[in-house]
Amino acid sequence: MQLTNRINRIQTSPTALVISAAEQLKAKGVDIADFGPGEPDFPTPDHIKKAAIKAIEENRTRYTPTGGIAPLREAIPAWHSRELGSTYTPKECAVTVGGKHAIFNAICVLVQAGDEVILPAPYWVSFPDIIKYAGATPVIVQTRPDSGFSAKAADVEKAITAKTKVVIINSPSNPTGGVVDGAEFERILAICKKRNIWLMADECYSHFVYAPHKPFSIASAKDSKEHVIIIGSVSKTFAMTGWRIGYALAPEPLIQAIIKIQSQSTSNPTSIAQYAALEAMRGTMDTVPPMLAEYTKRRKRIVEGLRAISGVSCEWPAGAFYAFPNISAYLGEGKNSLAKTCTELSKLLLEKAHVALVPGEAFGAPGFLRLSYATSLERIDEGLRRLENFFAHAEAAV
Ligand SMILES: Cc1ncc(COP(=O)(O)O)c(C=O)c1O
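Conventions and cut-offs
- Residues numbered from 1 in each chain as written.
- Predicted model: local features only at pLDDT ≥ 70, side-chain atom pairs only at ≥ 80, totals over all residues.
- Heavy atoms only, no water.
- Helix = DSSP H or I, 4+ residues; strand = E, 2+ residues; numbered from the N terminus.
- Rg over C-alpha atoms; globule rule 2.2 N^0.38 Å.
- Buried < 20%, exposed > 50% of the residue type's maximum accessible area, 1.4 Å probe, protein only.
- Contact = heavy atoms within 4.5 Å.
- Lys, Arg positive; Asp, Glu negative; His and termini not counted.
- Charge placed at Lys NZ, Arg CZ, Asp CG, Glu CD.
- Near = heavy atom within 4 Å.
- Polar contact = N/O pair within 3.5 Å; in protein donor to acceptor, adjacent residues only side chain to side chain.
- Areas by Shrake-Rupley, 256 points an atom, 1.4 Å probe, with all protein chains shown as cover.
- Nonpolar A, V, L, I, M, F, W, Y, C, P; charged D, E, K, R; others polar.
- Axes fitted to C-alpha atoms, helices over the stretch in contact; angles between N-to-C directions.
- Left-handed = near helix turned anticlockwise from the far one by under 90°.
- Salt bridge = Lys/Arg side-chain N within 4 Å of Asp/Glu carboxyl O.
- Parallel < 35°, antiparallel > 145°, perpendicular 65-115°, else oblique.
- Pairing = 2+ DSSP bridges.
- Expected span 1.5 Å × (residues − 1).
- Right-handed = clockwise from strand over helix to strand, strands pointing away.

Asks: Can you help me understand the overall build of the protein chain in this one?
Replies: Scanning the protein chain for helices and strands turns up 14 helices and twelve strands. Taking 21 Å as the expected radius of gyration for a compact globule of 398 residues, we find that the protein chain reaches 21 Å, a close match to that expectation. When its C-alpha atoms are laid out on the principal axes, the protein chain stretches across 60 × 55 × 55 Å. The proportion of buried residues among the 398 residues of the protein chain is 55%. Partitioning the contacts of the protein chain with sequence separation of at least 6, the portion at a separation of at least 24 is 73%. Here the protein chain holds 44 positive side-chain charges and 39 negative ones, and the gap between their average locations is 3 Å.

Put into structure tokens, the structure is as follows:
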């Protein structure tokens, strides 16, 4: 079938492929230790669910304004100001169908063929494809395990050319959990201001950071507004992945452009989900610390378990809920090697050890695997047992 160059430039999300391969095995009754999905395993808090039920009962089931219902466009900047110290107004806020949609729309209105977007690697799978879909080129800047996979201003600056339009910083990062601290973030902002480039800050994991880190937004920095686009979401903070509500905070003309593209595509995010998100933004934040406490326990268990496997190294993620071990000792042609690539290895792990995880290639990081620890301690233990066994009996497994 003849499809456009635009669609042929991108691939289906590799995380979605892993999830569907694991689901197929589960459907056949296979017990999978599933480290694949990047979503909280906690239920959406009750007060948020009740707000959605109330919205249905009150017949709030019609089209809404394209940029979101007025109370939510007020509540998001108010929440962001309270939690993260910014000063946005409702006109500087657009509600979107998840954070991914906010990124897609912002990139589509900001870049085109010939433009470059700087993206630290390992990167979240969707960034390069969204950039390519918009016709621009991702310019990859490597981050390093020994500095916690944290993007550095000096590396960003070196990658800037006359074609650079946007720098993307995702902190805490999916897949590494890397966090850019406030001072370094401000240095990146200063470079963007000097070179008149947009700084897109993806804050979807903002509230899942481990001590001594604290939630941080670059929008709290003085005079940041003119060059910053904040991308946020209720998906992770409030365990609301399926509700599909995210947002962009940015100068009004950019928000207007995002609303324009929405007016010709999605029309508006689901009305009912917007009322649920309104409750998330206005209601208690007491549901967040228990989730963080649980992730903290799981992080310890999984990182220690992975480090105990001979030949595997794993940094402590500073945020989010992913472990990102280096398993390159088992790749290649050598005597210990189990597979040529991580992709091959992750297929073997799924088929032979019944462990689902995402290969590093998906994130521009061959040699690494991503394990989501948004799953119970029991399942983490079971998965670790299987991994230890697989690597210990390496030859038998191949
Ligand atoms: C780094 C990052 N940004 C954005 C998103 C988008 O999340 P959502 O569209 O559910 O808000 C995700 C989801 O996994 C993510 O990991």
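Asks: Explanation requested: the environment of S310 in the structure shown.
Replies: By the secondary structure assignment, S310 is in the loop between α11 (288-307) and β9 (322-323). Classification of S310 by relative accessible area gives exposed; the value is 56%. Residues S310 and E388, spaced 78 residues apart in sequence, show a C-alpha to C-alpha distance of 8.7 Å.

Asks: Even after reading the chapter, I still don't get the site of the ligand, so can you show me in this structure?
Replies: Inspection of the region around the ligand gives 13 residues, with G99, D202, S233, S235 and K236 positioned closest. Residue G99 places a main-chain N or O atom 2.6 Å away from an oxygen atom belonging to the ligand. Backbone polar atom of K100 to an oxygen atom of the ligand: 3.0 Å apart, as the coordinates give it. With the chains in place, 92% of the 390 Å² that the ligand exposes on its own is no longer accessible. Classifying every residue of the shell around the ligand gives three nonpolar, six polar and four charged.

Asks: Is there a simple way to think about the packing of helix α5 (residues 99-110) against helix α6 (residues 126-133) in this case?
Replies: Think of two packed helices as two axes; the pair is described by the angle between the axes and how far apart they sit. α6 packs onto α5 with a crossing angle of 35° between their chain directions and a minimal axis gap of 9 Å. Crossing of α5 over α6 shows right-handed handedness. Across from K100, I103, F104 and I107 in α5, the residues of α6 making contact are S126, F127, I130, I131 and Y133. Residue composition of the contact of α5 with α6, grouped by class: seven nonpolar, one polar and one charged.

Asks: Teacher, can you tell me more about the pattern of salt bridges here?
Replies: Any two side chains of opposite charge can pair, given that their charged atoms come close. Following the criterion strictly, the structure yields 21 salt bridges and no others. In this structure, K26 and D34 form a salt bridge, with 2.8 Å as the shortest nitrogen-oxygen distance. D34 sits in the buried class, given a relative accessible area of 16%. With its nearest N and O atoms 3.5 Å apart, the salt bridge here joins E294 to K297. With a gap of three residues between them, E294 and K297 both fall in helix α11, about one helical turn apart. You can call K297 partly exposed: its relative accessible area is 49%. Overlapping salt bridges, with partners in common, bring together D31, R379, E382, R385 and R386 in one network.

Asks: Help me understand the packing of helix α12 (residues 342-353) against helix α13 (residues 377-392), please; the structure alone is not making it clear to me.
Replies: One way to put it is that α12 packs onto α13 with a least axis distance of 11 Å and a crossing angle of 110°. By the angle between their axes, α12 is roughly perpendicular relative to α13. For the element pair α12 and α13, the recorded crossing hand is right-handed. Of the residues in α13, those in contact with L345, L348, L349, K352 and A353 of α12 are R386, L387, F390 and F391. Taken together, the residues of the contact of α12 with α13 break down into seven nonpolar, no polar and two charged.

Asks: Hey, could you run me through the sheet that holds strand β2 (residues 93-96) in this one?
Replies: The strands that make up a sheet are held in pairs by hydrogen bonds between backbone atoms, and each pair lies either parallel or antiparallel. Strand order in this open sheet of seven strands is β2-β8-β7-β6-β5-β3-β4, and the pairing throughout is mixed. Taken across any chain shown, the strands that pair with only one partner, and hence form the sheet edges, are β2 and β4 (137-142). Taken pair by pair, the neighbouring strands of this sheet meet at an average axis angle of 20°, ignoring direction. The pairing of strand β3 (residues 116-121) with strand β5 (residues 164-170) spans three bridges and is classified as parallel.

Asks: Please explain helix α4 (residues 70-84) as it appears in this structure.
Replies: Each full turn of the α-helix corresponds to 3.6 residues, which orients residues three or four apart in the same direction. End to end, α4 covers 21 Å across 15 residues, agreeing with the expected 21 Å (1.5 Å per residue, within 8%). Burial in α4 covers these residues: L72, R73, A75, I76, P77, W79, H80 and L84. Packing partners of the buried residues in α4 comprise β2, β7 (228-233), β8 (246-249), α9 (252-263) and α10 (271-282). Downstream of α4 by one or two residues, G85 has phi in the positive range, about 80°.

Asks: So what exactly am I meant to see when it comes to the pairing of β3 here?
Replies: One face of the sheet, then the other: side chains in a regular strand alternate in exactly this way. Of all six residues making up β3, six are buried, and the element is well covered by its neighbours. Side chains of β3 alternate between two faces, with E116, I118 and P120 and V117, L119 and A121 buried alike. Where β3 lies against β4, six bridges are found, and the strand directions are parallel. Bridged to P120 within β4 is V141. Considered for its hand, the β-α-β crossover made up of β3, α6 and β4 is right-handed.

Asks: Honestly, the environment of G177 in this entry has me stumped. Any pointers?
Replies: Structurally, the position occupied by G177 is in the loop between β5 and α8 (182-195). Sequence separation of G177 and E226 is 49 residues, and the distance between their C-alpha atoms is 28 Å. What G177 contacts, discounting residues up to four positions off in sequence, is P172, P317, A318, G319 and A320.

By themselves these figures say nothing about function.
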